[in-house]
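So you can see what is in the structure, the chains are spelled out below.
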Amino acid sequence: MSQKFNRIPPIQFLVAFEAVARHQRFGAAAEELCVSQSAISHRIRELEKFLGVVLFERHTRSVELTLEGVRFLDQITDGLSCIDSAVRAIRTHREKVKLSILPSFARFWLLPRLVKFQKARPDILLEINSTTRLANIEKGEADISVRFGRMPNDDFVYEKLMDDEWFPVANRTYLDSLNVSNLADVIRTATLIEHKRQPWTPWLDLHGFAIPDKSHRLTFTDTALMIDAAMCCEGIALVRGSLVRDLISNGSLVRLSLTSLPSESAYWIISSKSNLQRTHLRAVFDWLHGLTQNHENDADQHTSDGKNLTFDEILSQKYGTQSKNHDQVGTPQN
């Protein structure tokens, strides 16, 4: 032991002293510390011997601090509290993983799935930086990054999380306000919400619709705001399916057509070889990759609680008709 601390009595003596002083009984202190009463008595005697003073006045069924005992207790209480805090901090230490992820993907896809991970891995603390900026993994700006784009650089370790597709969605209240009976009329009368990097034109061409001459447009550079606009009844939005499947499932949005435009980009999870040699980082990497497998399995599930309605079903409820094919509802007439 360092000479600086060679005059400090054993910690178990100090803990026993604090417990006895608080309870004013050896028996209660022994019960709290899960030791015998004789062990507590021994520790107090050894502490008094070490200090050269009497700390307690002994009575038949209780003890009382002497003046020296009161002074000693006052001086060591803060020190014991500091030691206790330091021990708790070490025992509850969580390995931090810095995750850089697109804001829209974090909000609509990751957040609903975080609770299960936190319960399964309480030893890992996720520090989530939602940003469109590419994080520099080599400089430590992120341990793991999730991006939407083409195949990453070979300098990194990467796995494809999922492909994606674009299709139109809307709030059911907004659709009802249009008072139309087919998809073609929806396209002609609705405000078309689009992302700057993915306009409506390719999807309209794929579906066989002409671009409405007098269509109202709302263009966003933020994917999450675009989805919010659709949920707030601002129009119909052309969105990435991965971000809205939960919203379709819970009834917040309605998918208007089974026709989808395959995305040229995909979601990728990116890290470095050195990062993935660390157990907790590999656990997060594998967890993210595993989630996409469950996502694909659940993508086509349909609930029967009345919330997850297709556009066809809404039309059937409203007009008492059911088309044979969802996309045929909106096919323009020649």
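In what follows, the structure referred to is the one given above.
Quantities reported herein were computed from a predicted structural model and do not represent experimental measurements.

Trainee: Where do I start with the overall build of the protein in this structure?
Mentor: Scanning the protein for helices and strands turns up 12 helices and 11 strands. Taking all 334 residues of the protein together, 43% fall into the buried category. When contacts within the protein are restricted to residue pairs at least 6 apart in sequence, long-range pairs at least 24 apart make up 74% of them. Carbon and sulfur atoms make up 49% of the accessible area of the protein, which totals about 19,100 Å².

Trainee: Can you walk me through the environment of W166 in this structure?
Mentor: When you line up the elements, W166 lands in strand β6 (residues 157–170). Sequence spacing of W166 and V239 is 73 residues, and the spatial spacing of their C-alpha atoms is 5.2 Å. Sequence-distant contacts of W166, defined by excluding residues within four places in its chain, comprise Q198, W203, M226, L238, V239, R240, T259, S260, L261 and S263.

Trainee: Quick question: what am I supposed to make of the side chain of S263 here?
Mentor: Of note, S263 is situated in strand β11 (residues 261–271). Residue contacts for S263: discarding those within four places in its chain leaves F148, D164, E165 and W166.

Trainee: Hey, could you run me through the side chain of T191 in this one?
Mentor: Looking at the secondary structure, you find T191 in strand β7 (residues 191–195). With relative accessibility at 16%, the residue T191 sits in the buried group. With residues up to four places along the chain from it excluded, the contact list for T191 reads Y174, H216, R217, L218, E234, G235 and I236.

Trainee: Can you walk me through a nonpolar patch on the surface in this structure?
Mentor: On the surface, a nonpolar cluster with roughly 290 Å² of combined accessible area is contributed by I11, V15, I83 and V87. At the level of elements, α1 (11–23) and α4 (67–91) are the ones that each hand at least two residues to the nonpolar patch. Given a relative accessible area of 32%, V15 falls into the partly exposed group.

Trainee: I would appreciate a short explanation of the packing of aromatic side chains in the present structure.
Mentor: Two numbers describe a pair of aromatic rings. These are the distance of the centres and the angle of the planes. This structure, assessed with the given rule, holds 10 aromatic pairs. Seen in terms of ring centroids, F17 and F72 are 5.3 Å apart; in terms of plane orientation they differ by 50 degrees. Their pairing is tilted. One end of the pair, F17, is in helix α1; the other, F72, is in helix α4, and 55 residues separate them in sequence. Given a relative accessible area of 0%, F17 falls into the buried group. Judged by its relative accessible area of 15%, F72 falls in the buried class. The ring of W109 carries the charged tip of R113 above its face, separated from the ring centre by 4.8 Å. We note R240 situated over the ring of F148; from NZ or CZ to the ring centre the distance is 4.0 Å.

Trainee: Sorry, what's going on with the environment of A21 here?
Mentor: Relative to the helices and strands, A21 resides in helix α1. In this view, A21 contacts F56, L65 and L73; residues no more than four positions away in its chain are not counted.

Trainee: Please explain the nonpolar core as it appears in this structure.
Mentor: Note on soluble globular proteins: their nonpolar side chains tend to be buried together. Residues I236 and V244 are the most contacted members of the largest nonpolar core, which totals 64 residues. If near-sequence neighbours (up to four positions away) are discounted, I236 is found in contact with V169, A170, Y174, L175, V186, I187, A190, T191, L192, I193, W200 and L256. The next biggest cluster of nonpolar side chains, apart from the first, holds 19 residues, and it includes F13, F17, I76 and L80.

Trainee: Help me out: how do you make sense of helix α5 (residues 103–120) in this one?
Mentor: Along an α-helix, residues three or four positions apart point the same way, because every turn accommodates 3.6 residues. With 18 residues, α5 extends 24 Å between its outermost C-alpha atoms, agreeing within 8% with the 26 Å of an ideal straight helix rising 1.5 Å per residue. Along α5, the largest kink reaches about 55 degrees and is centred on L110; proline P112 follows within four residues of it. For α5, every residue scored as buried is listed here: S104, F105, A106, F108, W109, L110, R113, L114 and F117.

Trainee: Can you walk me through the state of the cysteines in this structure?
Mentor: In protein chemistry, a disulfide is the covalent bond that joins the sulfur atoms of two cysteines. Inspection of every chain in the model, using the stated rule, returns 0 disulfides. With no disulfide of its own, C232 has C233 as its nearest cysteine by sulfur position, at a separation of 7.4 Å.

Trainee: How should I be thinking about the pairing of β7 in this particular structure?
Mentor: On a regular strand, each side chain points to the face opposite its neighbour's, so the side chains alternate between the two faces of the sheet. Counting buried positions along β7 yields 5 of 5 residues, so the element is predominantly enclosed. Of the two faces of β7, the one holding T191, I193 and H195 and the one holding L192 and E194 are both buried throughout. Note: β7 against strand β8 (residues 216–220), 5 bridges, orientation parallel. Bridge pairing in β8 links T191 to H216. The pairing of β7 with strand β9 (residues 236–240) spans 2 bridges and is classified as parallel. Looking at the pairing, L192 lines up with I236 of β9.

Trainee: Just checking my understanding: could you explain the packing of helix α9 (residues 223–231) against helix α10 (residues 241–249) for this structure?
Mentor: For the pair α9 and α10, the least separation of the axes is 11 Å and the interaxial angle reads 30 degrees. Classed by the angle they form, the pair α9 and α10 counts as roughly parallel. Note on packing geometry: the crossing formed by α9 with α10 is right-handed. Residues T223, I227 and M231 of α9 pack against L243, V244 and L247 of α10. In the contact of α9 with α10, the residues fall into 5 nonpolar, 1 polar and no charged.

Here is what the cut-offs are and how they apply
- Once a new chain begins, its residue numbering starts again from 1 and follows that chain's sequence as written.
- In view of the model being predicted, local features appear only for residues whose pLDDT reaches at least 70, and side-chain atom pairs are presented and counted only at 80 or more, with totals across whole chains, interfaces and linings using the full set of residues.
- Heavy atoms throughout the structure, all of them, feed into the side-chain values; hydrogens and water do not.
- By the criteria applied, helices consist of DSSP H or I runs no shorter than four residues and strands consist of E runs no shorter than two, each listed in order from the N terminus.
- Accessible area is worked out with a 1.4 Å probe on protein chains only. A residue is then buried under 20% of its type maximum, exposed over 50%, and partly exposed in between.
- Contacts are assigned to residue pairs with any non-hydrogen atoms lying within 4.5 Å of each other.
- The Shrake-Rupley method, run with a 1.4 Å probe, gives the accessible areas here. Residue values count only the displayed protein chains as cover.
- Here, patches come from residues exposed beyond 30% relative accessible area and free of salt bridges, joined within 9 Å for like charges and within 5 Å for nonpolar side chains (Val, Leu, Ile, Met, Phe, Trp, Tyr).
- Any carboxyl oxygen of Asp or Glu that lies within 4 Å of a side-chain nitrogen of Lys or Arg is treated as forming a salt bridge with it.
- Each aromatic pair joins two rings of Phe, Tyr and Trp (for Trp, the six-membered one) with centres within 6.5 Å, and gets the label stacked for planes under 30 degrees apart, edge-to-face for over 60, and tilted for any other angle.
- Charge over a ring is defined by NZ of Lys or CZ of Arg lying within 6 Å of the ring centre and within 35 degrees of the ring normal.
- Among buried residues, those of type Ala, Val, Leu, Ile, Met, Phe, Trp, Tyr and Cys that are joined through side-chain atoms within 4.5 Å constitute a nonpolar core.
- In this analysis, the expected span of each helix is defined as 1.5 Å times one less than the number of residues it contains.
- Two axes are fitted around each residue, one to the seven residues ending there and one to the seven starting there, and the angle between them is reported as the bend at that residue.
- For this text, the term disulfide refers to a pair of cysteine sulfurs within 2.5 Å.
- Pairing between strands is defined by DSSP: at least two bridges between them are needed.
- Axis definition: a line fitted to C-alpha atoms, limited for helices to the stretch in contact. Angles are taken between N-to-C directions and run from 0 to 180 degrees.
- Any angle that is under 35 degrees is reported as roughly parallel, and any over 145 degrees as roughly antiparallel; angles of 65 to 115 degrees are reported as roughly perpendicular and all others as oblique.
- Note: crossing handedness is left-handed where the near helix turns anticlockwise from the far helix by less than a right angle, and right-handed where it turns clockwise.
- Gly counts as polar in this scheme, as do all residues outside two lists: the nonpolar Ala, Val, Leu, Ile, Met, Phe, Trp, Tyr, Cys and Pro, and the charged Asp, Glu, Lys and Arg.

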